[in-house]
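# Structural overview for review
Residues per chain are reported as follows:
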Amino acid sequence: MTRKEFAMSFFPKTIVIIPAYNEEKSIGIVVKKILKIYPEFTILVIDDGSNDNTADIAFQAGAKVIRLPQNLGIGGAVQTGYLYALYNKYEIAIQIDADGQHKPEELHKILKPIVEQEADLVIGSRYVKKTQYKSTFSRRVGMIILSALVSLITKQVFKDTTSGFRAANRKVIKLFAKEYSTDYPEVDSLVVAKMYGLNIKEVSVEMEQRLAGSSSITPLRSVYYMIKVSLSLLVRALKYERMTL
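Everything numeric here is computed off the predicted structure, so don't read it as measured data.

### Examining helix α5 (residues 107-115)
- Turning to α5, its buried residues number three or more, namely L107, I110, L111, P113, I114 and V115.
- With its phi angle positive at about 60°, Q117 sits one or two positions after the end of α5.

### Quick look at the pattern of salt bridges
- Taken as a whole and assessed by the stated rule, the structure comprises seven salt bridges.
- Linking R67 and D56 is a salt bridge whose minimum nitrogen-to-oxygen distance equals 2.5 Å. Residue R67 is located in strand β3 (residues 64-67), and its partner D56 is located in helix α3 (residues 54-61); the two are separated by eleven residues in the primary sequence.
- Among the residues examined, D56 registers a relative accessible area of 34% and is labelled partly exposed.

### Some words on the nonpolar core
- Among the nonpolar cores identified, the biggest contains 40 residues, and Y82, L121 and L233 are the most heavily contacted of them.
- The dominant element in this core, judged by the number of residues it contributes, is helix α8 (residues 185-195), at six residues.
- Aside from chain neighbours lying at most four places away, what touches Y82 is I17, A93, Q95, A168, I173, F176, A177 and Y180.
- Core analysis: the next-biggest nonpolar cluster, separate from the first, contains 31 residues, I18, Y38, I43 and V115 among them.

### Notes on the sheet that holds strand β5 (residues 121-125)
- Sheet architecture is open: seven strands sit in the order β3-β2-β1-β4-β6-β5-β7, paired in mixed fashion. Single-partner strands in this sheet number two, and they are β3 and β7 (200-204). Each strand of the sheet is rotated relative to its neighbour by a mean of 20°, with strand direction disregarded.
- The pairing of strand β1 (residues 14-20) with strand β2 (residues 42-47) spans six bridges and is parallel. Bridging from a neighbouring strand, I18 pairs with V45 of β2.
- Here helix α7 (residues 170-178) sits on the sheet and contacts β4 (92-95), β5 and β6 (166-168); the angle it forms with β6, its principal contact strand, is near 100°.

### Quick look at the side chain of D188
- Relative to the helices and strands, D188 is located in helix α8.
- Taking the relative accessible area as the measure of exposure, D188 reaches 8% and is therefore buried.
- Those residues within four positions of D188 in sequence are excluded, and the remaining contacts are S181, S232 and R236.

### Overview of the packing of aromatic side chains
- Under the defined criterion, the tally for this structure stands at five aromatic pairs.
- Ring centres of Y38 and F41 lie 4.6 Å apart, and the angle between their planes is 0°; this geometry places the pair in the stacked category. One exposure class covers both Y38 and F41, and it is buried.
- Their ring planes at 75° and their centres at 5.3 Å tell us that Y82 and F176 sit as a pair that is edge-to-face. Of this pair, Y82 sits in helix α4 (residues 74-87) while F176 sits in helix α7; the two residues are 94 residues apart in sequence, bridging distant segments of the chain.

Calculation rules
- Residues numbered from 1 in each chain as written.
- Predicted model: local features only at pLDDT ≥ 70, side-chain atom pairs only at ≥ 80, totals over all residues.
- Heavy atoms only, no water.
- Buried < 20%, exposed > 50% of the residue type's maximum accessible area, 1.4 Å probe, protein only.
- Helix = DSSP H or I, 4+ residues; strand = E, 2+ residues; numbered from the N terminus.
- Salt bridge = Lys/Arg side-chain N within 4 Å of Asp/Glu carboxyl O.
- Core = buried A, V, L, I, M, F, W, Y, C linked by side-chain atoms within 4.5 Å.
- Contact = heavy atoms within 4.5 Å.
- Pairing = 2+ DSSP bridges.
- Axes fitted to C-alpha atoms, helices over the stretch in contact; angles between N-to-C directions.
- Phe/Tyr/Trp six-rings, centres within 6.5 Å; stacked < 30°, edge-to-face > 60°.

Shape descriptors only; they carry no functional weight alone.
So, in structure tokens, the structure goes:
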């Protein structure tokens, strides 16, 4: 199947949600790369209270932009995108980071299971198969711990629980517009989706290092992140039960 044939098989409306905070050096490149391959997509950049030119550059590159009056964090920004997708009746929502780590050339891998109705939510994973992506030792250890916790709670094996490279169908859009963790939500959202009986699939993708800037998660914050998320998951486990949309 060619890329054009694949694009023609999409549901009528597809949106790409890009949360961004002070990403003026990379956001324009990210938006243009996506539109070059998928001009039929709507690109929505959620400017999460940036104090640089992120919003203006994203708009000039061809994206729709929502400017949040203050920084809500990744969860609040992403949920804003899902709310927009829900109320504007999009059938597929894609989530991509603004720093250039997620390659538009890999989008077809996370979209295919959605289009073919094999999954409700698809995660682009760095660890399902061996890829060129390199992470630090501490992050890799943290990932193993989080993956073990999520897999234990949900009874499904997950390898890359913090990946923000995702594709979701209408059911997931509806759920995440209603229920989405505000602080480091990627891990928690997997448990929530499984609680509601949604079908999640991981697929192997290649990722790049960020184009500019540095991650806000320092080694010290990584420890704090691990403790906080682990405790949150344990609380989830205690009250884990099947829900219906």
